[in-house]
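Analysis of the macromolecular model
Here is what each chain is made of, one letter per residue.
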Amino acid sequence: MHDVVIVGGGPVGACLGALLAAAGDGTRVAVLEPRAPAALPAAAPLEARVVALSRASERLLRAAGAWAGIDGPRVCAYEHMRIWHESVAADSDAVLSFDAAEAGEPNLGYIVENRLLQGALLQAFAAAGGELLAAGLTSLRSTADEVLLGTSGGELRARLVVGADGAQSAVRTHAGLSATARPYHQTAIVATVATERPHRRTAWQRFMKDGTLAFLPLADGTSSIVWSADEALAARLLAASPAGFAAELDRASDLALGATRLASERGSFVLQRLAAPRYVCQRVALVGDAAHVVHPLAGQGVNLGLLDAAALAQLLTQARTRGEDPGALAVLRAYERWRKSETALMSGAIDAFDRWLAHGSGALAQLVQGGLAVVNRAPELKRFFIRRALGVSGELPRAAR
Ligand SMILES: Cc1cc2nc3c(=O)[nH]c(=O)nc-3n(C[C@H](O)[C@H](O)[C@H](O)COP(=O)(O)OP(=O)(O)OC[C@H]3O[C@@H](n4cnc5c(N)ncnc54)[C@H](O)[C@@H]3O)c2cc1C
């Protein structure tokens, strides 16, 4: 009998496992992950699939014992952000700029390969005594006292099952928890590009009527792009030759970093917003993308999920100290109340950015788009947004403070 079985060893499930194992209080915890990534060889080229990690995430990755496995030559700390709307030039003073030094911070966050993040967390989990099982969930049945899990590697019993198995969560479906999904009718295209001018540790983002384009600085001087494009544009971009794609990119980036050259394959992700009305039910809890999927334009998906993991780990560790059952509904409800309100707030704000900054037209949209310049001139407002981007506002779990 396990205390906690986590289904899904993506960044969020692996982080929850590592935090619970690091508590060293004897909690018996297993992570089920059928597709754990092979370790990244030090000399391997940087991968295009990256995430921007906030300060809060950095802190809780340290607490999970995973930061040492992440920090190094493959990671780029970014110190500046430039955000603008296509109605103004890339070098105009209407471009919203954030600088770490201005905020008294060493940087604004880190650009990290997904595979490096997940690998370091799984390693930290195993090193702290967690059980990593290379199996997938096939069935789940919860009773008043336990949950019975069918897996491709045999049966398991647990007092609590956590669904960290992503947007198509099998745990969510088996547990009868619903989710509302709404397509954005956009596809995110990711790729690594070489740019004529150096990125100067700057993350760039341009909002346009047919999509949002971000350049994230990488440690080897190239940039990873995330281009969330409307369906018709995305189809054209994916079908274009490498040179044709670079030409489209030059147009869309307004040459902010000079001419570009495609340096990797293009990956694509169909975008949707997803929200589970309930994150918990009898002996089951959902974390990360299994509970909520947000638009990537603000780079918050993993950051929100890692905070879910830290909040649940904190509540479970406290429950253990009090000798309580980890699957007790009171513990799970406290988690749901805490994290649902925080994610709903962020998800709504991200949606509004997409609706008004990127796709909006008319007088109100113009007002919002012009608002970037207003924020740029208002130090208090800027500080508010920097704190949000660093993830250090709201009710933070202890590991993230
Ligand atoms: C283009 C793009 C760019 C993004 N950029 C950022 C960014 O800059 N910053 C940021 O914070 N977020 C970003 N995100 C969001 C981020 O990638 C997701 O929020 C994050 O991957 C969610 O992590 P997770 O662990 O919850 O789920 P996942 O990463 O989906 O992991 C789920 C895991 O569960 C496993 N699994 C699935 N089914 C089963 C099963 N039946 N049994 C066992 N295991 C199972 C899978 O193998 C997988 O490893 C971006 C997303 C996209 C699409």
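Before any of the text, the structure's been laid out above.
Residues numbered from 1 in each chain as written. Predicted model: local features only at pLDDT ≥ 70, side-chain atom pairs only at ≥ 80, totals over all residues. Heavy atoms only, no water.

Let us look at the side chain of aspartate 250. With respect to the element layout, aspartate 250 can be found in helix H7 (residues 242–253). Despite its burial, aspartate 250 pairs with no opposite charge; the closest candidate is arginine 251, at 9.8 Å N-O. Of note is the side chain of aspartate 250, whose polar atom sits 2.6 Å from the side chain of threonine 260. When near neighbours in sequence (up to four residues on either side) are disregarded, aspartate 250 contacts Leu255, Gly258, Ala259 and Thr260. (Helix = DSSP H or I, 4+ residues; strand = E, 2+ residues; numbered from the N terminus. Buried < 20%, exposed > 50% of the residue type's maximum accessible area, 1.4 Å probe, protein only. Lys, Arg positive; Asp, Glu negative; His and termini not counted. Salt bridge = Lys/Arg side-chain N within 4 Å of Asp/Glu carboxyl O. Polar contact = N/O pair within 3.5 Å; in protein donor to acceptor, adjacent residues only side chain to side chain. Contact = heavy atoms within 4.5 Å.)

Bringing the pattern of salt bridges into the picture now. If you walk through the whole model with that rule in mind, you get 23 salt bridges. The salt bridge partner of arginine 55 is glutamate 105, with a shortest N-O separation of 3.0 Å. Here glutamate 105 lies in the loop between strand E6 (96–99) and strand E7 (109–113) and arginine 55 lies in helix H2 (residues 55–63), a separation of 50 residues in the sequence. Residue arginine 157 pairs with glutamate 146 through a salt bridge whose shortest N-O separation is 2.8 Å. Linking arginine 157 in strand E11 (residues 154–163) with glutamate 146 in the loop between strand E9 (137–142) and strand E10 (147–151), this pair joins segments that are 11 residues apart in sequence. When its relative accessible area of 40% is taken as the criterion, arginine 157 is described as partly exposed. A single salt-bridge network, built from bridges that share partners, covers Asp3, Asp25, Arg159 and Arg320.

To continue, consider a nonpolar patch on the surface. On the surface, Leu364, Leu367 and Val368 cluster together to form a nonpolar patch covering roughly 290 Å² of accessible area. With respect to the helices and strands, leucine 364 occurs in helix H10 (residues 363–376). (Patch = residues over 30% accessible without salt bridge, like charges linked within 9 Å, V, L, I, M, F, W, Y side chains within 5 Å. Areas by Shrake-Rupley, 256 points an atom, 1.4 Å probe, with all protein chains shown as cover.)

This brings us to the site of the ligand. Within the structure, the ligand sits among 32 residues, and Glu33, Arg49, Ala52, Asp289 and Val302 are positioned closest to it. In the model, an oxygen atom of the ligand is placed 3.1 Å from a nitrogen or oxygen of the arginine 35 side chain. The fraction of the free accessible surface of the ligand (1,000 Å²) that becomes covered by protein chains is 84%. Listing elements by their share of the shell around the ligand, those giving two or more residues are helix H1 (11–22), strand E3 (50–53), strand E12 (180–195) and helix H8 (301–321). (Near = heavy atom within 4 Å.)

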